[in-house]
Amino acid sequence: MELLAIGAGPSNLALAVALEELAPDLARDSLIIERNKEVSWQPGMLFPEALSNTSFLKDLVTLRNPRSRFSFLNYLHATGRLDHFVNMGSLTPYRAEVADYLRWTARSLALVELQYGRQCVDIGPVWTGGTLTGWTTTLADGRTIGSRYLVLGTGRDIRIPEVLRAVDRDRVVHSTQYQKRIGGLRKDLPYRVVVVGGGQSAAELFYSVQIDLPECRPTMVMRSVGLNCYESSKFTNELFFPSFVDEFHASRPEARAQMLAEMRPTNYAGVAPGMMDSLYRQVYLDRLSGRSRLQMITMHDITSARDDGDEIVLELTDWRTGAIRELRTDLVLLGTGFSPQMPWAVRRLAERIGLSDVAVTRDYRLVVDRPSTAACYLHGVNEQTHGIADSLLSVMGNRANDILRDVLTGDHLDLTPVTAPAVAAT
C-alpha cells in the first residue's frame, strides 16, 4: 500500500477527494481505514436543530476546486434538496446534514478504497539501513498494513477534567457520547444533571437534556463570569481563510501565541447567538413559571469529586470568595471539548521514532531528524503552528492539496534535517 489514511473523518475524506481529482494513480493505491461501521461525524451532538457554524461553501473541496462533483451543492442536487436549501436562505446547514454529506462523499469515492470496522491499535516505523522507508499499522484483529505514506486524521483526544476521572464513569458523559448514552436512559425519572463548561457544547447539552430527559433538573457549572457569544467580526474571520495559514506559519512563535489568544473567543468559550437567545428564554420561562428547575452556577471551580452510593458529589469553590459548597448529582455532562496536546496516537508514534518533540513542516509533514524516503502527515492537530482554523472545515480542502503536493513533488525525500516550529509531545 502506497498511502494509508487512518480515520474517515472530514480531513481524510477531503484528502481522498483530492487524490481522486489530482492523482488518480496514487488514489488507486490508497486506503482509508475507519474503526466505526460508517462515516460518523460528531455523532454525540447531532441534535435535530443544531446548525453548523461554518458556511456550506467551506465543504471538503469548494475552496480548492469550485467545480468539483464532491461539493456540498452537488450533494444537495444529488439528494433532491437543492431548491429547498436555497429557499431556506442560510449559509449554514444543519449539523446532521453535514454528517450526511460526509457519508455521501464516502459513498461517491470511485478510486480510493475505504474500509470500515478496522481499528488501529499501533503504528511503527520501518527502518532500512538507518533510513525510514515506511510504516507498519497494526489493527485490533492482529493484521498489519504496510505503507510508504501515513496520514493521521483521528482527531484530538477528548478532555475529561482530572478531578472527574476517578468517579463512576457510567455517570459521566462527554458531549461526543451524549446521544448514545442519554438515549439509553429512562425519560420519566427526575435526574439531577450537572453540565460542566461555558462554551457552545455545554450550552447545547444544557438545552438538549431538558428535552431528552423532560423530568430532569439541570445545573450548568462554569468557571467564567457567564456565557458569552462568539466573536464573529468579518475582519477577524479572515484569520480562518486557508490563505492565512502561510502568514500564521511564518510568524514568530510569540506572535502566533498572541494571535491564538486573541482569536480564542471566535471558536472556543463562546456560544452561537441563536443558542444564547434560546437558553436565556429557557431560563426566563423557568423563572416565570416559578419551577426553579434550571440553575446556572458561574465563577466556580470543581475542586474535587467523589462517589457516594448512587450519587456523584462535586465540591465547588467560588473563586471570588473561596467559599466551598457541595453539589450532589446523578449525572455529569461534559461540554469540555478536546485536549490541546497532541493525541495519544501521535505521541506514541513519536516515541517509536525516537522524537523528543512533535513538529510538522508547512505541508503538515511530521519532521523526522533521520534519513527518510517515507512520510507521515498530521491532520487537525497543528493549531499552534498553522492557526485557529486547523481543526475546522474551513481549511480542509486546501490542506489536502498541500499534503498531496508534498507527496507528489517528493519534498520528503530531502535527507537533510528539516527545521520546523516544535510542539511539545507531552
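Because the structure is predicted, anything quoted here is derived from the model rather than measured.

(A) Fine view of the side chain of D330. Mapped onto the secondary structure, D330 falls in the loop between strand 14 (324-329) and strand 15 (331-334). Residue D330 is classed as buried on the basis of its relative accessible area of 16%. For D330, the side chain forms a polar contact with the main-chain nitrogen of R192, separated by 2.7 Å. Apart from residues no more than four positions distant in its own chain, D330 is found in contact with R171, P190, Y191, R192 and D310.

(B) Molecular detail of unusual backbone geometry. For A269, which is not glycine, the phi torsion reads 55° and is therefore positive. For A269, a relative accessible area of 49% corresponds to the partly exposed category. Positioned with a positive phi, M299 is a non-glycine residue whose angle comes to about 55°. Along the chain, the position of M299 falls in the loop between strand 11 (295-297) and strand 12 (300-308).

(C) Focus on the packing of aromatic side chains. The final tally for this structure, using the stated rule, is 10 aromatic pairs. Aromatic pair F56 and F85: ring centres 5.3 Å apart, planes at 80°, arrangement edge-to-face. Pair noted here: F56 is in the loop between strand 2 (30-34) and helix 3 (72-78) and F85 is in helix 4 (residues 82-88), with a separation of 29 residues, a long-range link. The buried category is assigned to F56, whose relative accessible area is 14%. On the basis of relative accessible area, F85 is assigned to the buried category, the value being 5%. Put simply, the rings of F56, F72, Y75, F85, Y101 and W104 touch in pairs and so form one group of aromatic residues.

(D) Structural view of the sheet that holds strand 11. As summarised here, the arrangement of the five strands in space is 8-15-9-10-11, forming an open sheet in which the pairing is parallel. The sheet is open, and its two borders are formed by strand 8 (172-174) and strand 11, each paired with just one other strand. Put simply, the sheet's adjacent strands are angled 20° from each other on average, direction ignored. As defined by bridge partners, strand 9 (residues 192-196) adjoins strand 10 (residues 217-221) across five bridges and the pair is classed as parallel. When the sheet's bridge partners are listed, V194 is paired in strand 10 with T219.

Calculation rules
- Residues numbered from 1 in each chain as written.
- Predicted model: local features only at pLDDT ≥ 70, side-chain atom pairs only at ≥ 80, totals over all residues.
- Heavy atoms only, no water.
- Helix = DSSP H or I, 4+ residues; strand = E, 2+ residues; numbered from the N terminus.
- Buried < 20%, exposed > 50% of the residue type's maximum accessible area, 1.4 Å probe, protein only.
- Polar contact = N/O pair within 3.5 Å; in protein donor to acceptor, adjacent residues only side chain to side chain.
- Contact = heavy atoms within 4.5 Å.
- Phe/Tyr/Trp six-rings, centres within 6.5 Å; stacked < 30°, edge-to-face > 60°.
- Pairing = 2+ DSSP bridges.
- Axes fitted to C-alpha atoms, helices over the stretch in contact; angles between N-to-C directions.

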